[in-house]
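Chain by chain, the residues:
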Amino acid sequence: MDVYPIFLNRLNKNKTVIIGGDDEAERKVGELNNAGADLIVISRRISPVMHEWHGQNVFEWISRDYQEGDLKGAFMVIVAEFTGDTNQLVWKEANRLGILCNVMDDIPHCNFTFGSLVKRGPLNIAVSTSGAAPTLAVRLRERFEQEFGSEYEDFLDFMHSIRGKMKQLHPDFSKRKQLWYELIDSNVLDLFRQGRFEEAEKLTYAIISGELINPHTPKPSQINRQEK
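Residues numbered from 1 in each chain as written. Predicted model: local features only at pLDDT ≥ 70, side-chain atom pairs only at ≥ 80, totals over all residues. Heavy atoms only, no water.

Between helix α6 (residues 173-185) and helix α8 (residues 197-208), whose axes approach to 10 Å, the crossing angle comes to 145°. Crossing of α6 against α8: the hand is right-handed. Note on element contacts: α8 touches α6 through Thr204, Ile207 and Ile208, opposite Leu179, Glu182 and Leu183. Of the residues contributing to the contact of α6 with α8, the split by class is 4 nonpolar, 1 polar and 1 charged. (Axes fitted to C-alpha atoms, helices over the stretch in contact; angles between N-to-C directions. Helix = DSSP H or I, 4+ residues; strand = E, 2+ residues; numbered from the N terminus. Left-handed = near helix turned anticlockwise from the far one by under 90°. Contact = heavy atoms within 4.5 Å. Nonpolar A, V, L, I, M, F, W, Y, C, P; charged D, E, K, R; others polar.)

For the rest of this paragraph, the subject is the pairing of strand β1 (residues 15-19). In summary, the side chains of a regular strand alternate between the two faces of the sheet. Most of β1 sits inside the fold, with 5 of its 5 residues counted as buried. On β1, burial covers both faces: Lys15, Val17 and Ile19 on one face and Thr16 and Ile18 on the other are all buried. In the sheet, β1 pairs with strand β2 (residues 38-42) via 5 bridges, with the strands oriented parallel. Bridge assignment links Ile18 to a residue of β2, and that residue is Val41. Between the parallel pair β1 and β2, the chain is carried across by helix α1 (residues 23-34), and the sense of this crossover is right-handed. As judged from the 5 bridges shared by β1 and strand β4 (residues 74-79), these two strands associate in the parallel manner. Looking at β4, one finds that Thr16 is bridged to Met76. (Buried < 20%, exposed > 50% of the residue type's maximum accessible area, 1.4 Å probe, protein only. Pairing = 2+ DSSP bridges. Right-handed = clockwise from strand over helix to strand, strands pointing away.)

Once that is clear, we can look at unusual backbone geometry. Even without being a glycine, Arg10 presents a positive backbone phi close to 55°. Locating Arg10 in the fold gives a position in the segment before β1. Positive phi, close to 65°, is recorded for Asn57, a residue that is not glycine. Among the structural elements, Asn57 can be located in the loop between α2 (48-55) and β3 (60-62).

So this is what it looks like as structure tokens:
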């Protein structure tokens, strides 16, 4: 199976329908809610955790089985659990409406699949074996979870915080590109890994040849997290 990887955004603009209320549905609701998705869950029963989330208005719950027409206006549908021919009916409606459809563990009724994901703040690493050996994707994800620690989140939060000033100080794109590569290729990330935040900031100042950030800027581990 040939696949082409993409990362979706603006999931709050169109609804995503999740059919099912089991552990797999719970996992997908959690992941998609973290991505800001507008969610509708269709299922007679939902897990205790999903009950809590529903009470927090994380998703709209339609307490019944799937019916034809439920996908109207949807961008994507995920079938986490089903009985009978629900998988075929959902697939048929999704194809007719031209929306993304994933029926878990039922590749013939999918026009996209999920990768095994490692997330560190803004960093997303998705692994897929194109259906050949999903367990290998899991093992690779576990390895990457060990290799990519929280320093990547701190580093990327810090890089994001300086983008505006970088553009202000260096209007020329080619110059900014050069500086970004110098930052990435330096040992700034290593300093984050070691918790040496002040040294990381000083090295950043040296690379960009100017006082890019106010010296009183919060430590990178605090940047943006205060807003989460």
